[in-house]
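Next come the chains, spelled out residue by residue.
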Amino acid sequence: MAENNYIQGFGEKEVEEKVVQVNRISKKTKGGNQIRFSALVVVGDRNGRVGVGLSKARDVRKAIDKALSFAKRRMVDVPIRGTTIPYEIRKKYGAAKVLLKPAPEGSGIIAGGPMRVVLEAAGIRDVVGKILGTSNKTANVYATVKALEDLNRISERRGAKHE
């Protein structure tokens, strides 16, 4: 498992890239074993935008590059109120269940591995998170992103009602 931080220009914006997981995949074929690699990558501008990419290729570098490209194209907006999230949310994605709660300023990110990476990339500084379902990193990363996406939808709806 490789965990590297890269900061690259994304248009005029800077995005932080974090490799969450690299897996070796082997497939039995008539000609022998076909070995490939899958990479799970999270990108974020630390200012309310985050994306996740999962890709496969014959070598690690290409898998990471493909996942980065995928993640950058599918970034989502995350509502941030001060240094935390506006509301508590529970989200289920496959076997993964995640719980995110707002936290007082100065608390920091109190969350496990894959969830922490997504929250840091999004720029959320104070939050409490709990992974309730599977320990699968891919499912937990996607569940966290879906929860943040739902927060954005809720915030937009509530914002429209209050105006």
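You'll find the structure just up there.
Residues numbered from 1 in each chain as written. Predicted model: local features only at pLDDT ≥ 70, side-chain atom pairs only at ≥ 80, totals over all residues. Heavy atoms only, no water.

What follows covers the nonpolar core. Residues V42, V50, L100, L119, I124 and L148 are the most contacted members of the largest nonpolar core, which totals 31 residues. By residue number, the principal contributor to this core is helix 3 (residues 137-162), which donates eight residues. Ignoring sequence-local partners within four residues, the contact set of L148 consists of V50, D77, V78, P79, I85, L100, V118, L119 and I124. By size, the runner-up hydrophobic cluster in this structure holds 13 residues, among which are A39, I64, L68 and M75. (Core = buried A, V, L, I, M, F, W, Y, C linked by side-chain atoms within 4.5 Å. Buried < 20%, exposed > 50% of the residue type's maximum accessible area, 1.4 Å probe, protein only. Helix = DSSP H or I, 4+ residues; strand = E, 2+ residues; numbered from the N terminus. Contact = heavy atoms within 4.5 Å.)

To continue, consider the sheet that holds strand 9 (residues 127-131). Across the sheet, four strands lie side by side as 6-7-9-8; this open sheet has mixed pairing. A single partner strand is all that each edge strand has here, and the edge strands are strand 6 (89-93) and strand 8 (109-110). As paired strands, strand 7 (residues 96-102) and strand 9 are joined by five bridges and run antiparallel to one another. Pairing of K101 across the sheet is with V128, part of strand 9. Of the strands in this sheet, strand 7, strand 8 and strand 9 touch helix 2 (residues 113-122), which is tilted by about 145° from strand 9. (Pairing = 2+ DSSP bridges. Axes fitted to C-alpha atoms, helices over the stretch in contact; angles between N-to-C directions.)

A positive phi angle, near 60°, is found at R46, a position not held by glycine. Checked against the element boundaries, R46 lands in the loop between strand 3 (32-44) and strand 4 (49-57).

This part takes up the pattern of salt bridges. Two side chains carrying opposite charge are able to pair once their charged atoms lie near each other. The tally for this structure, following the rule as stated, stands at eight salt bridges. Its salt-bridge partner being K72, residue E17 comes within 3.2 Å of it at the nearest N-O pair. On the criterion of sequence distance, the pair formed by E17 in strand 2 (residues 13-29) and K72 in helix 1 (residues 60-73) is long-range, its members being 55 residues apart. D150 is the salt-bridge partner of K91, the closest N and O atoms lying 2.9 Å from each other. In this pair, K91 is assigned in strand 6 and D150 in helix 3, connecting sequence segments 59 residues apart. Taking the relative accessible area as the measure of exposure, D150 reaches 18% and is therefore buried. Shared partners join several salt bridges into a network, and the residues in it are K91, E149, D150 and R153. (Salt bridge = Lys/Arg side-chain N within 4 Å of Asp/Glu carboxyl O.)

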